[in-house]
Amino acid sequence: MTPFTFNTTPSIRMGDGLLEQLGDMARATCGASVLLVTDPGMMATGIVDRALASLKTAGVTVTVFADVKADPPEVVILQATEAAKGMNGVIGLGGGSSIDVAKLAALLACSGETLADCYGVGMAKGPRLPLIAVPTTSGTGSEVTPISIVTTGASEKMGVVSPLIIPDVALLDPELTRDLPAHVTAATGIDAMVHAIESYASASPNNNPVSRALAVEALRLMGGALERAVKEPHDMAARGDMLLGSLLAGQAFANSPVAAVHALAYPIGGHFKVPHGLSNALVLPHVLRFNAVTAPTLYAELAGITFPDLAGLEGQAAATAFADALQDLSTRCGLQKGLRDVGIGQDDLPMLARDAMNQTRLLVNNPRPLDEADAQAIYEAAW
Ligand SMILES: NC(=O)c1ccc[n+]([C@@H]2O[C@H](COP(=O)([O-])OP(=O)(O)OC[C@H]3O[C@@H](n4cnc5c(N)ncnc54)[C@H](O)[C@@H]3O)[C@@H](O)[C@H]2O)c1
Ligand SMILES: [Fe+2]
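Residues numbered from 1 in each chain as written. Chains lettered and ligands numbered in written order. Predicted model: local features only at pLDDT ≥ 70, side-chain atom pairs only at ≥ 80, totals over all residues.

Engineer: Provide a residue-level description of the site of ligand 1, including the pertinent values.
Structural biologist: Near ligand 1 you find 31 residues, and of these Gly41, Gly95, Gly96, Ser97 and Thr145 are the closest. Secondary structure elements with two or more residues in the shell around ligand 1: α2 (40-43), α5 (96-111), β7 (147-152), α7 (182-200) and α11 (276-291). Looking at the shell around ligand 1, the element that brings in the most residues is α5, giving four residues. Each residue belonging to the shell around ligand 1 can be placed in one class, and the counts come to seven nonpolar, 19 polar and five charged. (Near = placed C-beta within 6 Å. Helix = DSSP H or I, 4+ residues; strand = E, 2+ residues; numbered from the N terminus. Nonpolar A, V, L, I, M, F, W, Y, C, P; charged D, E, K, R; others polar.)

As structure tokens, then:
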């Protein structure tokens, strides 16, 4: 057997209403004081108040940092790091943006490293403060990944990738996603599906059987649940399947990493402030059609698992039908269809293609080699 490594969050707890136990978990994992990292949108939901009540009951002193911005810029990480100094631990409560900021604040406040020291794979040295992640979107899987994504300068996305920033505890409470707006449910849900698809087909030398098993189960759950979660937001079975699916997809890609869909999505998010999941959705079917030339069997395996209607198809036909079905699903979930619908001009495409080439960390995992001309052609198809 080919050797592989699989790392994940050591303690995962999931259940409806589990947020009530955050205080006890924080006391056990962190200690007497914590920094709670979240964003202004979360403050308006009432979820933060419920978290604070639980922490208060457990006797944990809390400082709230609520200045996270979507696709967090470096300055937000630095502010959160200052706020975390002197605390016993950090809680990230929110979507991927809040959890990613919490991870880096826990690291930098404790280790004294600079952000610049930590960019890249395996650069962080630690130690870090104890860290709890409470996801409120069913999307990034950040609660189980060794990754934090930062927007540097005006638009570029950089990653800190290190097992050191895998949280100690992931607390998953599907009720927290009950009032997630439809467009956030749709975009973050497609992001999670992309994690599973790209992980399964990843050319990474660490593509492994544990990740593949998790990706398959993630797609089985989310293929059936995403449209229901968007259209019947209080269908808690669908919400639970999405949250579990995004967790499993996160575990999968944390160890068998994502590829060209993410590499081509990042410049869209960076330059045009398009949410991460929507950026992925816009390029997904076009990257899959490009990759299907070399990876038809892999996509064919996933087609019938994700969409039972496609179960009888094989080879190229199945791979193509898979890309089409994902595109239809995005549209039925209300996501924009083309890059032109999110304010991107055709003359912007060469710049996007150039920037995508900087994502070498991701492009090396693509099942089919992809150069700048290929990226440009994919963006043209997605326009
Ligand atoms: N760490 C990783 O492994 C990883 C993986 C993929 C993406 N990312 C990064 O994660 C970020 C995207 O995260 P995201 O897609 O979860 O979105 P997000 O964290 O940016 O949140 C999107 C919006 O949804 C709101 N929101 C979140 N939960 C809510 C709820 N329950 N009810 C109502 N509103 C709610 C937030 O206030 C925010 O306005 C990007 O920066 C992306 O690069 C990280
Ligand atoms: Fe993603």
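Engineer: An account of the domain arrangement of the protein is needed here, citing residue identities and associated values.
Structural biologist: When cut into domains, the protein gives domain 1 (11-176) and domain 2 (179-382). Each of domain 1 and domain 2 was reduced to a C-alpha centroid, and the two centroids are 25 Å apart. Contacts between the two partners involve 24 residues from domain 1, matched on the other side by 31 residues from domain 2. When residues of the side of domain 1 that touches domain 2 are assigned to their parent elements, the largest contribution, three residues, is made by strand β8 (residues 156-161). (Domains from an automatic or database assignment. Contact = placed C-beta atoms within 7 Å.)

Engineer: With reference to specific residues and values, describe the sheet that holds strand β1 (residues 11-14).
Structural biologist: The parallel open sheet is built from six strands, whose spatial order is β1-β9-β6-β4-β2-β3. Two strands close off the open sheet at either side, each with one partner strand: β1 and β3 (61-65). Taken over all neighbouring pairs, the strand axes of this sheet differ in orientation by 20° on average, direction set aside. One ladder, built from four bridges, connects β1 with strand β9 (residues 169-172); its direction is parallel. Bridge pairing in β9 links Arg13 to Leu171. (Pairing = 2+ DSSP bridges. Axes fitted to C-alpha atoms, helices over the stretch in contact; angles between N-to-C directions.)

Engineer: Report on the pairing of strand β2 (residues 33-37), specifying residues and quantitative values.
Structural biologist: A large share of β2 lies buried, amounting to four of its five residues. Here β2 pairs with β3 via five bridges, running parallel. Note on β3: the bridge partner recorded for Leu36 is Val64. Relative to strand β4 (residues 89-94), β2 is paired through four bridges, and the arrangement is parallel. Among the inter-strand pairings, Val34 is bridged to a residue of β4, identified as Gly89. (Buried ≥ 20, exposed ≤ 12 C-beta atoms within 10 Å, placed from the backbone.)

Engineer: Any details on helix α12 (residues 296-306)? Residues and values, ideally.
Structural biologist: Among the residues of α12, those classed as buried are Tyr299, Ala300, Leu302, Ala303 and Thr306. For α12, the secondary structure elements touched by its buried residues are α7, α8 (209-231), α11 and α13 (315-332).

Engineer: So, α13: which residues are in play, and what are the values?
Structural biologist: In this model α13 runs 26 Å from its N-terminal to its C-terminal C-alpha over 18 residues, within 8% of the 26 Å that 1.5 Å per residue would give. Inspection of α13 places Ala318, Ala319, Phe322, Ala323, Leu326, Leu329 and Ser330 among the buried residues, and these make up the whole buried set. Within α13, the buried residues cover an arc of 140° as seen down the axis, which keeps them to one side. Looking one or two residues past α13, Gly334 carries a phi angle of roughly 90°, positive in sign. (Expected span 1.5 Å × (residues − 1). Arc of directions from axis to C-beta.)

Engineer: Explain the environment of Asp67 residue by residue, including any values.
Structural biologist: Here Asp67 is to be found in the loop between β3 and α4 (74-84). Judged by the 16 C-beta atoms lying within 10 Å of it, Asp67 falls in the partly exposed class. It is 20 Å that separates the C-alpha atoms of Asp67 and Ala53, two residues lying 14 residues apart in sequence. Once you skip the residues sitting within four places of it in the chain, Asp67 turns out to touch Val76 and Gln79.

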